[in-house]
Amino acid sequence: MSTTVFFFLLLLSTSAAATTTTLASDVSALKAIKSAINPTTIPSYSCLASWNFTSDPCSNPHLTHFLCGLSCSGNRVTQLTFDRAGYSGTLSSFVSKLTQLLTIDLSDNKFSGPIPTALFFLPNLQTLILRSNSFSGTIPPAISSLTSIQTLDVSHNSLTGSLPDTLSSLTLTRLDLSFNKLTGPIPKLPKNLLELAIKSNLLSGYLSKTSFNELTQLEVVELSDNSLTGTIPGWFFLQPSIQQVNLANNGFTGIEILKPTDSNLIAVDIGFNKIAGYLSANFSAYPMLSSLSLRYNKLHGPIPSEYSQKATLRRLFLDGNYLSGLPPKEFFSGKSSVSGSLGDNCLRSCPTSSQLCLKSQKPSSICQRAYGGKVKPKS
Ligand SMILES: *[C@@H]1O[C@H](CO)[C@@H](O)[C@H](O)[C@H]1NC(C)=O
Ligand SMILES: *[C@@H]1O[C@H](CO)[C@@H](O)[C@H](O)[C@H]1NC(C)=O
């Protein structure tokens, strides 16, 4: 190729890029989105301050205008990724005109009002992150119209109401609705989920098989700090891909633990519930289990010695129950590398030379009452 031809082609390509004219309806949607934001909350250094419509949003290069906050492919806007500038206002429903959007990330700002329902009709949207704003209102059933969605994170907002049944038809792999004010039961969940996080809400009801049916890829479940009740069912820990479970700070009253044939379960936190009954040895049959907390429940009876012989176990918190008898001596043999606590129980002769026993046991009066006067915890 001759130098002249090369420069001609270069000129042609740069001028083509410079003249990209954003689709008119995308430009008007961007204008509407900016004007729904309180101008006094758009600092001069921010992305939105550089949105000056005297130039074309998608044309390159961006030297002074449209420096950040959006990306384009050709003449269409494909991403809205705002900086954490503290923008306050509402999200304009004109966002739905940006039909080629793949990603919306407005996290760590001060957007308020409802999530516009029109947004749920974006056919190509894969990632919707509205984390740490002040969005309110309910999650409408129309959310099922997000046919390409994979990641949905609306954690740390003020959403209310119950979760719609239509959630299950979504192609989501990651759902985070933690730190809202959502109520009601857990509906049937999307079957491609890898990560489910709805901690710190007001969810109630049981863990039902219908909700978790067919979730063969589910690895992480974070449902702590809700008002879930009933017995934690045995199938829950037998889910085929499950690795981490946090159900702490709920109102569960019982637990069923079945032995797995194979399992990748690594960490289980069920502390601060109301689980009564004996501590089953069956958790020790989970081959990878490394961290287990059942602290501050109402467990009675002995600590099965299987837990003290389990090589994978690194952290064990059983404090704050009514566990009785002698703790398994293997915990204190010097070979065990378990940390955690067995304190605040009704154990006999827990050696305070071990950090597991640093927190003292319950007063014998409380233990005698818990066992109807049949146990003398302190020898
Ligand atoms: C937009 O840019 C033009 C020149 O590029 C400038 O004259 C104008 O003041 C800018 N408007 C705002 C609102 O910054
Ligand atoms: C332990 O698991 C077995 C087999 O899965 C089950 O039959 C048994 O009831 C469980 N025992 C306890 C105490 O949870």
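The protein chain goes by Leucine-rich repeat-containing protein in an unreviewed UniProt entry, where it is assigned to Cynara cardunculus var. scolymus. UniProt lists a comment for the protein chain under the heading Subcellular location (unreviewed entry), and it reads "Membrane".

A. Molecular detail of the overall build of the protein chain. In terms of regular secondary structure, the protein chain is built from 4 helices and 25 strands. Scaling as 2.2 N^0.38, a compact globule of 379 residues should have a C-alpha radius of gyration of about 21 Å, whereas the protein chain reaches 28 Å, well beyond that. The principal-axis extent of the C-alpha atoms belonging to the protein chain is close to 95 × 50 × 40 Å. Burial analysis of the protein chain (379 residues in total) assigns 47% to the buried set. Across the protein chain, contacts joining residues at least 24 apart in sequence account for 44% of those joining residues at least 6 apart. When the accessible surface of the protein chain is split by element, carbon and sulfur atoms take 55% of a total near 17000 Å². Across the protein chain, 29 positive and 20 negative side-chain charges occur, with their mean positions spaced 9 Å apart.

B. Quick look at the layout of surface pockets. Roughly 200 Å³ of volume is contained in the largest pocket. For the largest pocket, the lining is made up of 17 residues, of which Val-268, Asp-269, Ser-291, Ser-293 and Arg-315 are closest to its centre. Contributing elements (two or more residues each) for the lining of the largest pocket: strand S14 (220-222), strand S16 (244-246), strand S18 (267-269), strand S20 (291-293) and strand S22 (315-317). Taken together, the residues of the lining of the largest pocket break down into 8 nonpolar, 5 polar and 4 charged.

C. How the structure looks around the site of ligand 1. Neighbouring residues of ligand 1: Asn-52, Thr-54 and His-65. Take Asn-52: an N or O atom from its side chain is 2.3 Å from an oxygen atom of ligand 1. Between ligand 1 and His-65 there is a distance of 3.3 Å, counted from an oxygen atom to a side-chain nitrogen or oxygen. Its free accessible area being 360 Å², ligand 1 has 25% of it covered by the protein chains.

D. Region of interest: the sheet that holds strand S5 (residues 110-114). As summarised here, the arrangement of the 4 strands in space is S3-S5-S7-S9, forming an open sheet in which the pairing is parallel. The open sheet terminates on both sides in strands that have one partner only, identified here as strand S3 (88-89) and strand S9 (158-159). Taken together, the 2 bridges between S3 and S5 define a ladder with parallel strand orientation. Bridge pairing links Ser-88 to Lys-110 in S5.

E. Region of the structure containing empty space enclosed by the protein. Applying the stated rule across the entire model yields 1 cavity of 30 Å³ or more. When its volume is computed, the largest cavity comes out at roughly 30 Å³. What lines the largest cavity is simply Ile-115, Phe-120, Ile-139, Ile-143, Leu-152, Val-154, Leu-159 and Leu-177. Its residues placed into classes, the lining of the largest cavity shows 8 nonpolar, no polar and no charged.

F. Structural detail: helix H2 (residues 24-35). With 12 residues, H2 should cover 16 Å at 1.5 Å per step; its first-to-last C-alpha distance of 17 Å lies within 8% of that length. If you check which residues of H2 are buried, you get Asp-26, Val-27, Ala-29, Leu-30, Ala-32 and Ile-33. On the buried face of H2, the contacting elements are strand S1 (70-73) and strand S2 (76-81).

G. Inspection of the state of the cysteines at higher detail. Summed over all chains, the structure comprises 4 disulfides. There is a disulfide in this structure between Cys-47 and Cys-68, and the S-S distance comes to 2.0 Å. One disulfide, between Cys-47 and Cys-68, carries an S-S torsion of -110° and so falls in the left-handed class. Here the residue Cys-47 occupies a position in the loop between H2 and S1, and Cys-68 occupies one in the loop between H2 and S1, the gap between them amounting to 21 residues. Put simply, Cys-350 and Cys-357 are joined by a disulfide, and their sulfur atoms are 2.0 Å apart. Residues Cys-350 and Cys-357 are joined by a disulfide whose S-S torsion is about -65°; by sign, that bridge is left-handed. Cys-357 carries the same exposure label as Cys-350, and that label is buried. For the protein chain, the disulfide bridges join cysteines in the arrangement 1-3, 2-4, 5-8, 6-7, where the cysteines are counted in sequence order.

H. A look at the site of ligand 2. Inspection of the region around ligand 2 gives Ile-257, Leu-258, Lys-259, Ser-280 and Asn-282 as its neighbouring residues. One of the side-chain N or O atoms of Ser-280 is found 3.1 Å from an oxygen atom in ligand 2. Here the residues of the shell around ligand 2 are counted per class, giving 2 nonpolar, 2 polar and 1 charged.

I. Local environment of the environment of Gln-361. Take Gln-361: it is sitting in the loop between strand S25 (346-347) and helix H4 (364-370). Along the sequence, Gln-361 and Asp-319 sit 42 residues apart, while their C-alpha atoms lie 8.9 Å from each other. Within the structure, the side chain of Gln-361 is placed 3.1 Å from the backbone nitrogen of Asn-345, a separation counted as a polar contact. A polar atom in the side chain of Gln-361 sits 3.3 Å from the backbone nitrogen of Cys-346.

J. The arrangement of the nonpolar core in detail. With 90 residues, the main nonpolar core has Leu-80, Leu-223 and Phe-283 as its most contacted residues. At the level of elements, H2, S2 and strand S15 (227-232) are the ones that each hand at least two residues to this core. When residues in this core are grouped by element, the largest group, 3 residues, is from H2. Each residue touching Leu-80, except ones within four places of it in the same chain, is listed here: Leu-30, Ile-33, Trp-51, Gly-69, Leu-70, Val-95, Leu-98, Leu-101, Thr-103, Ile-104 and Asp-105.

What counts, and at which threshold
- Residues numbered from 1 in each chain as written.
- Chains lettered and ligands numbered in written order.
- Predicted model: local features only at pLDDT ≥ 70, side-chain atom pairs only at ≥ 80, totals over all residues.
- Heavy atoms only, no water.
- UniProt positions renumbered as here; feature names shortened; annotations may be inferred.
- Helix = DSSP H or I, 4+ residues; strand = E, 2+ residues; numbered from the N terminus.
- Rg over C-alpha atoms; globule rule 2.2 N^0.38 Å.
- Buried < 20%, exposed > 50% of the residue type's maximum accessible area, 1.4 Å probe, protein only.
- Contact = heavy atoms within 4.5 Å.
- Areas by Shrake-Rupley, 256 points an atom, 1.4 Å probe, with all protein chains shown as cover.
- Lys, Arg positive; Asp, Glu negative; His and termini not counted.
- Charge placed at Lys NZ, Arg CZ, Asp CG, Glu CD.
- 1 Å grid on protein atoms, 1.4 Å probe; cavity = no way out; pocket = protein on both sides within 12 Å on 5 of 7 lines; lining within 4 Å.
- Points joined across faces, edges and corners; volume = space filled by probe spheres on them.
- Nonpolar A, V, L, I, M, F, W, Y, C, P; charged D, E, K, R; others polar.
- Near = heavy atom within 4 Å.
- Polar contact = N/O pair within 3.5 Å; in protein donor to acceptor, adjacent residues only side chain to side chain.
- Pairing = 2+ DSSP bridges.
- Expected span 1.5 Å × (residues − 1).
- Disulfide = S-S within 2.5 Å.
- Core = buried A, V, L, I, M, F, W, Y, C linked by side-chain atoms within 4.5 Å.

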